[in-house]
Structure formats: C-alpha cells, structure tokens
Amino acid sequence: MSDHATSPAIELINVSRRFLTPDGKSMTALRDFSMSVARGEFAAVVGPTGCGKSTTLNLVTGLARPSGGEVRVMGGPVSGIDPRIGFVFQTDALFPWRNVIDNVVAGPMFRGQSREAAYAKARQWLARVNLSGHESKYPHQLSGGMRKRVALAQTFINEPEILLMDEPFSALDVQTRSLMHEELLRLWSAQRASVVFVTHDLEEAIALADKVYVLTAGPATVKAVYQVDLPRPRVVADIRYDPAFIDLSRRIWNDLREEVQIGYQRSEQAA
Amino acid sequence: MSEIMASPQAAKAVFAPGTSDREIEAAAARAALNYRRRVTFWRWAILVLFLAGWEAASTYGVIDEFFYARPSTIAMRLYDWITEGTSEGPLWYHLWVTMEEAMIGFAVGAVAGVLVGIALGRNRMAADIFSIYIKVINSIPRVVLAPIFIMILGLGLASKVALAFVMVFFVVFSNAFQGVREADRAMIANAQILGASQWQLTRSVIVPSAMSWIFASLHVSFGFAIVGAIVGEFVGSRFGIGLLINIAKGSFDSAGMYAAIVIIMVVALAAEYVMTMIENRLAKWRPAPLHETN
Ligand SMILES: Nc1ncnc2c1ncn2[C@@H]1O[C@H](COP(=O)(O)OP(=O)(O)OP(=O)(O)O)[C@@H](O)[C@H]1O
Ligand SMILES: [Mg+2]
C-alpha cells in the first residue's frame with residue numbers, strides 16, 4: 001500500500017453541527033463527534049431516533065458543512081460533493097419518471113460517460129441485482145424490494161469508494177431485508193468500498209459490520225465502539241444464532257438501551 | 001387497464017369464484033366495455049334531455065325565446081354560418097383569427113410562465129423580491145386590461161395576444177413555481193450525489209418533477225387563452241368570434257350569441273382532448289389514479 005492510501009477513508013475530528021430552529025434558537029445535533037472508518041471497512045452506526053445519524057452522513061457527503069471540527073475523506077478535506085461517494089437513501093429517491101434502466105444510468109450520464117458505455121454498464125448492474133428483464137418498468141410498477149435493488153444498482157454503478165447508507169432497508173419486510181443483506185455483502189466484498197451503514201436494527205448492524213458505533217441521545221457523540229470479529233464471509237440469516245453474536249449484541253444493547261431511554265424520556269417531556 | 005380497475009363491475013367479475021383466468025379476463029373486459037358504454041350513454045342522454053327541455057320550454061313559452069333562443073334556431077344559425085358565412089364574412093376566417101390569437105398567446109404565455117416559474121423557484125432571493133410584484137399584477141382583473149391593450153397595440157392581433165398572454169402566464173407561472181418548490185429533497189440530494197451539475201439537476205430532476213403541476217395549469221390555461229382572445233375581440237376588433245358575439249349583441253340576436261358560444265365550447269373541448277392525449281403520452285410513468293375519469 002502506498003503512503004497516501006493508508007489514511008482512513010472517512011475521518012470526523014471533533015465535529016459539531018448546530019441547526020437554527022424556526023424560532024431562531026440554535027440547536028446542537030452533533031457535539032465533539034469523532035469517528036474514523038478505514039479503507040474497505042464496514043462500519044455500522046446505531047443510536048436512538050433523532051440523535052443525529054443522518055446529520056453525520058450529510059456531513060460526509062458534503063451536502064452539509066460542519067459548524068466546527070473537521071471532516072476528511074480519503075485523507076483530504078471535504079469541499080462540495082465528493083464524486084467518490086455513493087449514498088443509499090432511507091426513503092425512495094428513485095426518479096419516478098424514469099424507467100429502471102434510465103434510473104441506473106443516471107450517475108454515469110451525469111458524469112459525462114457515453115450513452116453506450118453507460119447502458120452497457122447499467123445492464124450488467126441490473127443483472128447483478130437480479131433485475132434483468134425489468135429494464136423498462138417504472139418504479140411504481142416494482143415492489144419495495146425491487147426498488148431498493150434499483151437504488152443499489154444506481155449507487156454501485158458509479159463504483160463509489162465510500163458507500164453511505166441511511167437505514168436503507170428499514171422499510172422492507174424481514175425476508176426481503178435478509179435477502180438484501182446477502183446482496184449487499186456480496187456487492188461490497190466484490191467492490192471493497194468503505195461503508196457507513198446507519199440503522200436502528202442492532203442485529204443488522206452486527207451481522208453486517210466490522211465495527212459498530214453506538215451514539216448517545218442527541219446531541220450525538222460516540223458513546224462506544226465495538227469491534228465485530230465474526231468471520232467472513234458471513235451468512236446473515238444464520239449468524240444471529242452464533243454464540244459470539246448473541247454475546248456481542250447483549251453487550252451493545254446494554255449500552256444502547258440507556259440512550260434510547262434518555263431519548264424517549266426527552267421526547268415525552270417535549271410532547 | 002385503469003378502466004378495468006375503475007369499474008366496480010369488473011371488480012365483482014374478477015372475484016367471481018370458480019372461473020378460469022381466461023374467463024375472468026373476458027368477464028373483466030366485458031364489464032369494462034359495458035361500463036364505458038354506460039358512461040357514454042348517460043353523457044349523450046343528458047345532452048339530449050337538456051336540449052329537448054330547452055326546445056320545449058321555448059316552444060311552450062316557459063322561457064322567452066327572444067332572450068334564450070332555442071336549440072333549433074341556434075343549430076340553424078350555425079348551419080347558415082358554416083355553409084354561407086356570417087354577415088362579416090366566412091365563419092372559418094373568424095374562427096381562425098381567434099384561434100391564432102389564442103394559440104400565440106397561449107404558447108408565449110406558457111413558455112414564459114414555465115421559464116420564469118422555474119427560474120424563481122430555483123432562486124429563493126429572486127422569488128422573495130419579485131413575489132410582491134407578481135401578486136400585485138396578478139390581482140388586476142384581466143378584463144380591464146383589454147381596453148388598455150387595444151389602445152396601445154391597436155385593433156389587430158397584438159392586443160389579443162397580449163390579453164391571452166396575461167391570462168395564461170400567471171396560472172402557468174404559479175404552478176411551475178409551486179412544482180419546483182415541491183420537488184422532493186431526497187431526490188435532489190440523490191441526483192447531486194450521483195454527479196448532477198446544477199444545470200443537469202434542473203433539467204433532469206426539477207423540471208420533470210414540476211411537470212405534472214405545469215400540465216395541470218396548461219389544461220385550464222388554454223381555455224383562459226381563448227377567453228382572453230375573445231374578450232379582446234369583444235372590446236374592439238375587426239374579426240374573430242368575439243366580434244361575432246358583439247355584433248349579435250348589437251342586433252339583439254340571441255341565437256347568434258349562443259351559436260358563437262357553441263363554437264367556443266367545441267374548440268375548448270377539442271383542445272382539452274389534445275392536451276390530455278399529450279399529457280398521457282408524457283406521463284406514462286405515473287401510476288393510474290384510483291378513480292380514472294374519462
Ligand atoms: N435541517 C434541519 N434543521 C433543523 N434541525 C434539524 C435539521 N436536520 C436535522 N435536524 C435536527 O437534528 C437532530 C438530528 O437529526 P437526524 O436527522 O440526524 O437524526 P437521525 O439520528 O437520523 O434520526 P432517525 O434515526 O430518526 O432518522 C434532530 O433533532 C433534528 O430535529
Ligand atoms: Mg435519519
């Protein structure tokens with residue numbers, strides 16, 4: 001490995017992020033937030049709802065800027081939207097007026113690749129996510145799981161070195177979700193991107209990730225980091241019965257539970 | 001397909017137990033056809049009943065024929081106009097003049113409305129600055145502009161086009177603006193991360209997502225363009241359907257006025273039909289609404 005390649009893929013150093021509330025007050029979403037994701041590493045982030053997980057991802061994309069501290073991507077500071085980043089959204093972000101293949105080619109076409117090359121590549125990616133034969137359907141004609149796979153193809157076709165995922169599978173049913181987990185791990189191991197995967201689901205986090213970040217109830221800081229030393233390749237559907245998995249999820253849940261309760265009490269007070 | 005869904009009979013047929021796929025499909029197709037026939041039947045039945053009632057009411061003196069005319073005289077007047085022309089020259093020429101004014105006004109107004117709507121929708125500061133002026137101008141009743149435009153631009157085409165323009169522009173503008181503002185945030189972020197430049201973002205995300213808003217406004221505003229042209233002609237012109245109405249009014253010729261109205265209705269209906277066809281072409285990505293009309 002060259003010297004340059006040894007810097008972490010993502011680094012957040014004492015980052016803070018404040019929002020102005022509609023009545024003009026300042027609200028802190030992130031405080032003294034530090035995290036580091038090595039190249040090729042799969043990091044999961046769990047934390048109570050509203051603590052600042054999406055905010056963290058937005059800082060990495062460059063869609064938002066930190067109020068304090070520093071965000072570094074591939075060893076350099078973030079300025080604007082980085083083309084090496086891919087983002088899979090929690091909500092449906094496909095373009096409903098484009099059919100499946102036109103959705104998938106969007107990235108390469110925006111980036112100025114030739115039509116033929118883009119469409120050829122899109123066909124490959126659709127085959128990889130098992131959607132061959134659905135090229136000319138529109139998003140509203142697909143099931144939720146199929147739409148998610150289109151979204152994965154749309155993101156992966158840009159071959160991002162950094163993959164950010166914001167609760168990508170939370171809207172799916174349990175069976176489809178475990179299929180998507182297998183799919184994601186397969187794509188990731190072929191591509192070797194660095195991943196930050198935000199989720200509410202602790203089991204999902206442990207099953208997929210090398211490292212699990214537990215955040216505090218807002219303002220979010222890193223409460224604890226757990227290394228997940230389960231062997232790869234993993235079979236996500238079976239790994240949850242592994243004793244090491246159970247032991248780890250119990251330990252992380254003890255940590256997370258406190259924060260969830262704090263967050264819950266706060267939202268009750270606010271109501 | 002949507003027709004099938006829209007018809008309650010079809011739903012019943014689909015869930016009839018103990019039939020094969022083919023029978024179910026045939027039953028659904030039959031039910032859908034049946035439904036369409038019934039809709040068409042009632043549409044015509046209501047028209048016939050209305051016209052017959054009107055005719056009868058005129059004949060038996062329930063309403064005064066002098067003011068309300070009657071369908072048969074109106075039809076005769078239309079026939080006369082079509083075969084022999086009006087007192088002011090051939091009907092087709094008047095119709096053409098009105099349509100020309102309306103179409104130019106519509107095209108220019110719609111294009112300007114869309115462009116300004118998108119530009120202001122993408123630029124918050126400009127929108128905040130100009131919104132007050134747009135509100136003020138929009139509050140002017142368009143009809144009072146007719147004499148002003150005629151004074152400035154003369155009796156010819158230009159004043160009618162200008163009137164049709166102001167009728168169309170604000171409707172299209174406000175819908176385009178709203179459509180841009182409603183564009184989904186996640187979708188915009190997605191496009192940006194996928195690599196879209198500002199221009200690509202506008203062209204391939206903002207405009208398409210505003211399209212259904214824009215189309216909704218085009219539907220109504222073509223009617224407005226015709227209104228603008230006709231009001232302009234009514235106030236002062238040498239040709240056009242509005243002139244025919246004005247002349248009929250001057251000679252207390254109620255049949256002539258209603259005949260002109262019928263012509264306008266037919267034209268507006270045809271335009272609406274064309275517009276729906278174009279829209280369906282462009283919007284094939286949209287899921288069929290639960291209750292499809294037409
Ligand atoms: N644009 C914004 N303006 C003002 N406040 C914001 C904005 N975006 C987020 N916030 C606030 O910042 C906090 C963190 O939001 P964020 O969306 O990061 O939470 P989250 O951890 O992703 O929650 P969830 O798990 O429910 O998605 C919340 O309290 C939210 O109200
Ligand atoms: Mg979130």
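Our subject is the structure listed above.
Remember, it's a predicted structure, so these values are computed and weren't measured experimentally.

> I keep staring at the sheet that holds strand 3 (residues 42-46) of chain A and nothing clicks. Help me out?
Sheet strands pair via backbone hydrogen bonds, and the direction of the pair is either parallel or antiparallel. Residues and elements named next belong to chain A. The strand order across the open sheet built from 6 strands is 6-7-8-3-9-10, with neighbouring strands paired in mixed fashion. Looking at the sheet topology across the chains shown, the edges are occupied by strand 6 (85-88) and strand 10 (222-227). Recorded for the sheet is a direction-independent mean angle of 15° between the axes of neighbouring strands. With 4 bridges connecting them, strand 3 and strand 9 (residues 211-215) associate as parallel partners. From the neighbouring strand, V45 faces strand 9, where its bridge partner is Y213. Running at roughly 170° to strand 6, helix 5 (residues 144-156) makes contact with strand 6 and strand 7 (162-166) of the sheet.

> Explain the site of ligand 1 to me, please; I cannot follow it from the model alone.
Residue and element names in this part refer to chain A. Every residue lining ligand 1 is accounted for by F19, M27, A29, T49, G50, C51, G52, K53, S54, T55, E167 and H200. G50 has a polar backbone atom sitting 2.8 Å from an oxygen atom of ligand 1. In this structure, C51 approaches ligand 1 through a main-chain N or O atom, which is 3.3 Å from an oxygen atom. The greatest single-element share of the shell around ligand 1, amounting to 3 residues, is contributed by helix 1 (residues 53-61). Class assignment of the residues belonging to the shell around ligand 1 gives a composition of 4 nonpolar, 6 polar and 2 charged.

> Looking at this model, I keep getting lost on the sheet that holds strand 1 (residues 10-20) of chain A. Mind explaining?
Residue and element names in this part refer to chain A. If you walk across this open sheet you meet the 4 strands as 2-1-4-5, and the pairing is antiparallel. Two strands close off the open sheet at either side, each with one partner strand: strand 2 (26-37) and strand 5 (76-77). Both strand 1 and strand 2 contribute to a ladder of 8 bridges, which runs antiparallel. Bridging from a neighbouring strand, V15 pairs with F33 of strand 2. Against the sheet, helix 1 contacts strand 1, strand 2 and strand 4 (68-73), and its axis sits at roughly 115° relative to strand 1.

> Honestly, the side chain of Q154 of chain A in this entry has me stumped. Any pointers?
Relative to the assigned elements, Q154 of chain A resides in helix 5. Leave out the neighbours within four places in its chain, and Q154 of chain A touches L94, F95, N103, V104 and A106 of chain A together with N190 and L194 of chain B.

> Before we go on, may I ask you to explain helix 8 (residues 145-153) of chain B in this structure?
Think of an α-helix as turning once every 3.6 residues; residues three or four places apart then point the same way. Residues and elements named next belong to chain B. Residues of helix 8 that are buried include every one of L145, A146, F149 and I150, and no others. Looking down the long axis of helix 8, one finds its buried residues gathered within 130° of arc, a one-sided arrangement. Away from its buried face by more than 90 degrees, helix 8 exposes M151 and I152. Residues of helix 8 that are buried make contact with helix 9 (157-181) and helix 11 (198-235). G154 sits one or two residues past helix 8 and shows a positive phi near 90°.

> Which parts of the structure should I look at to understand the pairing of strand 10 of chain A?
On any regular strand, side chains alternate: one points to one face of the sheet, the next to the other face. All names here are of chain A. Across 5 bridges, strand 9 lies against strand 10 in antiparallel orientation. Note that in strand 10 the partner of Y213 across the bridge is V225. Turn length for the strand 9-strand 10 hairpin, with the two strands adjacent in sequence and antiparallel, is 6 residues.

> Sorry, what's going on with the packing of aromatic side chains here?
Given two aromatic rings, one states the distance between the centres and the angle between the planes to describe the pair. All names here are of chain B. In the structure shown here, the tally under the stated rule is 17 aromatic pairs over all chains. With a centroid separation of 5.9 Å and an interplanar angle of 55°, the aromatic rings of F50 and W54 are classed as tilted. Taken as a pair, F50 and W54 lie in helix 3 (residues 21-59) at a separation of 4 residues, close to a single helical turn. Looking at F50, the relative accessible area reads 53%, which means it is exposed.

> Just checking my understanding: could you explain the pattern of salt bridges for this structure?
In a structure, side chains of opposite charge can pair up when their charged atoms sit close to one another. All names here are of chain A. Overall, the coordinates contain 15 salt bridges over all chains when judged by the stated rule. The closest approach of N and O atoms between E183 and R186, which form a salt bridge, is 3.2 Å. With E183 and R186 both in helix 6 (residues 174-191), this residue pair falls 3 residues apart, about one helical turn. Judged by its relative accessible area of 8%, E183 is buried. Residue class for R186 comes out partly exposed when judged on its relative accessible area of 42%. Connected via shared salt-bridge partners are K223, E258 and E259.

Criteria and thresholds
- Residues numbered from 1 in each chain as written.
- Chains lettered and ligands numbered in written order.
- Predicted model: local features only at pLDDT ≥ 70, side-chain atom pairs only at ≥ 80, totals over all residues.
- Heavy atoms only, no water.
- Pairing = 2+ DSSP bridges.
- Helix = DSSP H or I, 4+ residues; strand = E, 2+ residues; numbered from the N terminus.
- Axes fitted to C-alpha atoms, helices over the stretch in contact; angles between N-to-C directions.
- Contact = heavy atoms within 4.5 Å.
- Near = heavy atom within 4 Å.
- Polar contact = N/O pair within 3.5 Å; in protein donor to acceptor, adjacent residues only side chain to side chain.
- Nonpolar A, V, L, I, M, F, W, Y, C, P; charged D, E, K, R; others polar.
- Buried < 20%, exposed > 50% of the residue type's maximum accessible area, 1.4 Å probe, protein only.
- Arc of directions from axis to C-beta.
- Phe/Tyr/Trp six-rings, centres within 6.5 Å; stacked < 30°, edge-to-face > 60°.
- Salt bridge = Lys/Arg side-chain N within 4 Å of Asp/Glu carboxyl O.

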